Amino acid sequence: MTYTTILTEIRRRVGIVTLNRPQAMNAFNSTMLTELFDALEAFDADENIGAMIVTGNEKAFAAGADIKEMAYASPFEMIGQGRVEKWDRIRGIKKVVIAAVSGWALGGGCEFAISCDMIIASESAKFGQPEITIGVIPGAGGTQRLARLLGKNLAMEMVINNRTLTAAEALQFGLANRVVPVDGYLDAAVAFAEEIAARAPLAVRMAKDAVNAAFETTLTEGLKAEKRNFYPLFSTEDQKEGMKAFIEKRKPNWKGR
Ligand code: HXC
């Protein structure tokens, strides 16, 4: 596949997408958004990939949706183009997606990062929702996901008063999983992703799905969803292998079935 706005790479069992519009701080134009999801869906379908990373460059993960592309659009043009619906494709990805964030993650860039399953942030990462400064609000999930991740008050401050979070704050408030030095931040994210890619694939998939259920529903329904994902794993070869390997005091050899 030839892409014009992203780069793709596979390191062992980790598929990496690098957003590559540095001249525009990796702002998401329509092409980049489509290419990003095409690449993630291709990795998702590839048996040799166990986990994925999306990253940008040291200065910018992504500075949001491309303002120049939508500045003069009417509501009906925005609706017709499915401007915000396009971002929902992230919800269809079954394997783990990690955002490796350095520099600016603003607007849609922040929204995309928090739509991923986990975030590795470089010390220079900055997260914010500056849409209010250009007369709009987040449209790719920011109001909902930030409120769930950070609680109401901080989400309000970010969305209404353009409060940005430093990497250290993102870690403190549970938005980032780890903060690592800028130098080598992608390697650190790859090492993290490789750990996940080496785990039992079906169990990882069921685990991701079950945790996500917590954001969709009541505790009672969420616990049912967890059970629905737990029991079928006992039909997999990997469950038999994993438990047998524990008893035999050896490393399991996962088959992904
Ligand atoms: C289009 C962008 C852009 C964006 C930066 N650029 N962000 N172009 N859309 N979101 C372009 C600039 O116009 C400039 O192009 C070049 O990238 C470098 O940016 P500078 O501003 O000169 O760099 P700097 O001074 O270092 O500031 C970096 C920055 C700032 C803090 C990231 O660019 C910024 O505030 N960007 C906008 C952030 C934002 O408001 N995002 C929310 C977008 S709305 P030229 O051609 O002048 O060199 C959104 C809604 C999503 O995301 C909902 C789903 C649709």
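Residues numbered from 1 in each chain as written. Predicted model: local features only at pLDDT ≥ 70, side-chain atom pairs only at ≥ 80, totals over all residues. Heavy atoms only, no water.

A. Expanded view of the overall build of the protein chain. A count of helices and strands for the protein chain gives 11 helices and 10 strands. For the protein chain, whose C-alpha radius of gyration is 19 Å, the value lies close to the compact-globule estimate of 18 Å for 257 residues. Along the longest, intermediate and shortest principal axes, the C-alpha atoms of the protein chain span 65 × 40 × 40 Å. Here the protein chain holds 257 residues, and the buried ones make up 43% of them. (Helix = DSSP H or I, 4+ residues; strand = E, 2+ residues; numbered from the N terminus. Rg over C-alpha atoms; globule rule 2.2 N^0.38 Å. Buried < 20%, exposed > 50% of the residue type's maximum accessible area, 1.4 Å probe, protein only.)

B. Region of interest: the packing of aromatic side chains. Throughout the structure, instances matching the rule amount to six aromatic pairs. Here the aromatic rings of Phe61 and Phe112 are separated by 6.4 Å at their centres, their planes lie at 20 degrees, and the arrangement is stacked. Here Phe112 lies in helix H4 (residues 108–115) and Phe61 lies in strand S4 (residues 60–62), a separation of 51 residues in the sequence. The exposure class assigned to Phe61 is buried, which follows from its relative accessible area of 0%. By relative accessible area, which is 1% here, Phe112 ends up buried. Site record: aromatic cluster; members linked through ring pairs are Phe28, Phe37, Phe61, Trp87 and Phe112. When the ring centre of Trp104 is taken as reference, the NZ or CZ atom of Lys126 above it lies at 4.6 Å. (Phe/Tyr/Trp six-rings, centres within 6.5 Å; stacked < 30°, edge-to-face > 60°. Lys NZ or Arg CZ within 6 Å of the ring centre and 35° of its normal.)

C. Expanded view of the sheet that holds S4. As summarised here, the arrangement of the four strands in space is S4-S6-S8-S9, forming an open sheet in which the pairing is mixed. Each of the sheet's edge strands pairs with one partner strand only, and the pair in question is S4 and strand S9 (165–166). Relative to S9, strand S8 (residues 126–128) runs antiparallel, the two being bridged by two bridges. Its bridge partner lying in S9, Phe127 is registered against Leu165. Those strands touched by H4 are S4, strand S6 (104–106) and S8, and its axis lies near 90 degrees from that of S6. (Pairing = 2+ DSSP bridges. Contact = heavy atoms within 4.5 Å. Axes fitted to C-alpha atoms, helices over the stretch in contact; angles between N-to-C directions.)

D. The pattern of salt bridges, seen in detail. Under the defined criterion, the tally for this structure stands at 17 salt bridges. Among the ionic pairs, Asp66 bridges to Arg21, the shortest N-O distance being 2.9 Å. Here Asp66, found in the loop between S4 and helix H2 (67–70), pairs with Arg21, found in the loop between strand S2 (14–19) and helix H1 (30–44); they are 45 residues apart in sequence, far enough to count as distant. Classification of Arg21 by relative accessible area gives buried; the value is 12%. Between Arg91 and Glu216 there is a salt bridge, and its shortest N-O distance comes to 2.6 Å. Here Glu216 lies in the loop between helix H9 (201–213) and helix H10 (219–230) and Arg91 lies in the loop between helix H3 (75–80) and strand S5 (96–101), a separation of 125 residues in the sequence. One exposure class covers both Arg91 and Glu216, and it is exposed. One salt-bridge network, in which partners are shared between bridges, spans Glu241, Lys244, Glu248 and Arg250. (Salt bridge = Lys/Arg side-chain N within 4 Å of Asp/Glu carboxyl O.)

E. A look at a nonpolar patch on the surface. On the surface, Phe230, Tyr231, Phe234 and Met243 cluster together into a nonpolar patch covering about 440 Å² of accessible area. By secondary structure assignment, the location of Phe234 is in the loop between H10 and helix H11 (237–247). (Patch = residues over 30% accessible without salt bridge, like charges linked within 9 Å, V, L, I, M, F, W, Y side chains within 5 Å. Areas by Shrake-Rupley, 256 points an atom, 1.4 Å probe, with all protein chains shown as cover.)

F. Geometry of the packing of helix H5 (residues 142–150) against helix H6 (residues 152–161). Where H5 meets H6, the axes come as close as 7 Å, and the angle between the chain directions of the two elements is 140 degrees. By the criterion of interaxial angle, the relationship of H5 to H6 is oblique. Two packed elements cross with a definite hand, and for H5 against H6 that hand is right-handed. Each of Thr143, Leu146, Ala147 and Leu150 in H5 lies in contact with H6, whose residues at this interface are Lys152, Leu154, Ala155, Met158 and Val159. Class assignment for the residues of the contact of H5 with H6 results in seven nonpolar, one polar and one charged. (Parallel < 35°, antiparallel > 145°, perpendicular 65-115°, else oblique. Left-handed = near helix turned anticlockwise from the far one by under 90°. Nonpolar A, V, L, I, M, F, W, Y, C, P; charged D, E, K, R; others polar.)

G. Spatial organisation of the site of the ligand. Near the ligand you find 24 residues, and of these Ala63, Ala65, Ile67, Lys68 and Gly108 are the closest. In this structure, Gln23 approaches the ligand through a main-chain N or O atom, which is 3.5 Å from an oxygen atom. Contacts to the ligand include Gly108, whose backbone N or O atom sits 2.8 Å from an oxygen atom. Protein coverage of the free-state accessible area of the ligand, which is 1000 Å², stands at 66%. Counting residues per element, the ones that place at least two in the shell around the ligand are H2, S6 and H4. Sorting elements by how many residues they give to the shell around the ligand places H2 first, with three residues. (Near = heavy atom within 4 Å. Polar contact = N/O pair within 3.5 Å; in protein donor to acceptor, adjacent residues only side chain to side chain.)

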